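Inside the fold
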Amino acid sequence: MTTQLETDFSFKKSTSKALAYDQQHLWHPYSSMKRPKESNDSVAHEQAVWPVASAKGVYLTLADGTQLIDGMSSWWCTVHGYSHPRMVKAISDQAASLSHVMFGGLTHEPAINLAYKLVQLTPAGLNKVFLSDSGSVAVEVAVKMAIQYQQARGLSGKTKLIALNKGYHGDTLGAMALCDPTTGMHHLFSGLLAQQYFIREPKIAFGQPWNDDDIEPLRECLEQNHHNIAALILEPIVQGAGGMRFYHPEYLKQARQLCDEYDVLLIADEIATGFGRSGKLFACEHSNITPDILCVGKALTAGYMTLAATLTTDLIAETISAGEAGCFMHGPTFMANPLACAAANESLSLLIENDWQGQVQRLEKGLEVGLAPARKLDAVADVRVLGAIGVIEMNAAVDMKKIQPACIEQGVWLRPFGRLVYIMPAYVMSEKELEGLTAGILKVLKSGAF
Ligand SMILES: *Cc1c(COP(=O)(O)O)cnc(C)c1O
């Protein structure tokens, strides 16, 4: 047995030694653990990770001192940039007084303040807040709420959900069962995954003329199966990880009406879109609707801690509580972690003080101007911008072995997937920085290094 746990891994001392240990022992998201035969093995290369030593504002600093401008906001999260003094102070102050305490039978100021802020900021009517540790768990919680609600009102046959093709809702089993069946590779887990109803994704893009045909697949599915259906789950307006697609607000409006008509709940997964990213504080506002259940995460703490929330209405919460169980059946160990709540409270204050709407509008203009020249490139199928999200859709899947090093050479951090080269900058990114970021991307695309 080892009694010695002192480690010797330091980027300063030997980056290659630390990276070698990483490669042999650490999973990364959707990564292969195939052992590289030689150092230049193609798998090793494909799975390359870059060692980041620190980050400040919109820049990542690598172990060798290279500065990269961050186009990803660490997957929608770091809206105020890295190492923000106010965020750091809020977390360290909280750590000094109460880092964690069980939420069963106890409560604390950070959680109560956060509940107040979330109830105030989210669409009207969402008054009950369930705090959890990650987006996927917030989706699990939403699904369980929908099922318990239907059971509590005597509709225990309503056990299924409707989800959209090209949707993404997380990687845990319940959430995964709601992701696009093809890109989510449902066949790998078919013995275990819940079978849900999938309908064609909305086809009419944001800004295009509306046509009622787009909502027909949903109407048909509800018409035929509403007796079995507890809820419809969707990402409002922006389908994120499933394709970075922006769809027509009328779709969401009519989906809301159809859910009411067929007595089915509407779950809005705003884990990616929440807190301003799409140009509205919540993407549901593009259609002026309130969902029955709302999931938020990602930017909730501006990327400083892991936290998510599931909000619902008084009616649903009270109905669940009057049901057989007498309570909502979920209670994670780290529920309402005070450090995470303190980070969220400070991030939400900054969002308002910084005029997030002005920031996002400025980025939207900058993205439109900066990415427009990509439309002329033969390899590019489409360029689209909504709020602080910019997408270049290529004709063919990009080669990560080529495009990622090429971006790094330009001083840019991007993480394209499939045919999508996309950016979602921190709201604090300046006009000049954004110009540099989009110019770097265009240079890579023009060089053909993809
Ligand atoms: C990222 C994401 C999730 C999952 O959140 P995790 O924190 O990664 O579990 C769920 N839904 C949407 C729309 C997301 O973008």
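Scope of this entry: the structure provided in the associated data block. (Residues numbered from 1 in each chain as written. Predicted model: local features only at pLDDT ≥ 70, side-chain atom pairs only at ≥ 80, totals over all residues. Heavy atoms only, no water.)

The next thing to look at is unusual backbone geometry. Only a minority of non-glycine residues have a phi that is not negative, and only a minority of peptide bonds are not trans. The backbone of Tyr 30 shows a phi angle near 45°, a positive value even though the residue is not glycine. With respect to the helices and strands, the residue Tyr 30 is situated in the loop between α1 (11–25) and α2 (42–46). Given a relative accessible area of 70%, Tyr 30 falls into the exposed group. Residues other than glycine seldom take positive phi values, yet Trp 75 does so here, at roughly 60°. Along the chain, Trp 75 turns up in helix α3 (residues 73–76). (Helix = DSSP H or I, 4+ residues; strand = E, 2+ residues; numbered from the N terminus. Buried < 20%, exposed > 50% of the residue type's maximum accessible area, 1.4 Å probe, protein only.)

Each regular strand displays side chains that alternate between the two surfaces of the sheet. For strand β7 (residues 229–234), a buried count of 6 out of 6 residues is recorded, marking the element as mostly surrounded by other parts of the structure. In terms of strand pairing, strand β5 (residues 160–164) meets β7 through 3 bridges, oriented parallel. Along β7, the bridge assignment pairs Ile 162 with Leu 232. In this structure, β7 lies alongside strand β10 (residues 265–269), joined through 4 bridges in parallel fashion. Its bridge partner being in β10, Leu 232 is matched across the sheet by Leu 266. (Pairing = 2+ DSSP bridges.)

The subject of this paragraph is the site of the ligand. The ligand sits among Ser 134, Gly 135, Ser 136, Tyr 168, His 169, Gly 170, Glu 235, Asp 269, Ile 271, Ala 272 and Lys 298. Between the ligand and Gly 135, the relevant distance is 2.9 Å, taken from an oxygen atom to a main-chain nitrogen or oxygen of the residue. Looking at side-chain class alone, the shell around the ligand contains 3 nonpolar, 5 polar and 3 charged residues. (Near = heavy atom within 4 Å. Polar contact = N/O pair within 3.5 Å; in protein donor to acceptor, adjacent residues only side chain to side chain. Nonpolar A, V, L, I, M, F, W, Y, C, P; charged D, E, K, R; others polar.)

Next up on the list: the nonpolar core. Counting 132 residues, the largest nonpolar core has Leu 218, Leu 232 and Ile 392 as its most contacted members. With 10 residues, helix α6 (residues 135–152) is the single largest residue contributor to this core. If near-sequence neighbours (up to four positions away) are discounted, Leu 232 is found in contact with Ile 162, Leu 164, Leu 218, Ala 255, Cys 259, Val 264, Leu 265, Leu 266 and Ile 267. (Core = buried A, V, L, I, M, F, W, Y, C linked by side-chain atoms within 4.5 Å. Contact = heavy atoms within 4.5 Å.)

What follows covers the sheet that holds β5. On the basis of which strands lie adjacent, the open sheet formed by 7 strands has the order β4-β12-β11-β10-β7-β5-β6 and mixed pairing. Edge strands, defined here as strands with exactly one partner in the open sheet, are β4 (126–132) and β6 (197–199). Strand-to-strand twist in this sheet, taken as the mean axis angle between neighbours without regard to direction, amounts to 20°. The sheet contact formed by β10 and strand β11 (residues 293–296) spans 3 bridges and is parallel. (Axes fitted to C-alpha atoms, helices over the stretch in contact; angles between N-to-C directions.)

What follows concerns the state of the cysteines. Scanning the model with the defined rule gives 0 disulfides in all. You can see Cys 295 has no disulfide; the closest cysteine sulfur is in Cys 284, sitting 11 Å from it. (Disulfide = S-S within 2.5 Å.)

Right, let's talk about the sheet that holds strand β16 (residues 420–423) for a bit. As summarised here, the arrangement of the 3 strands in space is β13-β14-β16, forming an open sheet in which the pairing is antiparallel. The sheet is open, and its two borders are formed by β13 (380–386) and β16, each paired with just one other strand. Each adjacent strand pair in this sheet contributes to an overall mean axis angle of 10°, direction not counted. As judged from the 6 bridges shared by β13 and strand β14 (residues 389–394), these two strands associate in the antiparallel manner. Within β14, the residue paired with Val 380 across the bridge is Met 394. Against the sheet, helix α12 (residues 356–371) engages β13, β14 and β16, with an angle of about 165° to β13. Across the sheet, helix α14 (residues 431–447) touches β14 and β16, and the angle it forms with β16 is around 165°.

On to the environment of Ile 271. With respect to the helices and strands, the residue Ile 271 is situated in the loop between β10 and β11. Overall, Ile 271 belongs to the buried group, its relative accessible area being 8%. With sequence-adjacent residues up to four places away left out, Ile 271 is seen in contact with Gly 135, Val 139, Cys 295, Val 296, Gly 297 and Lys 298.

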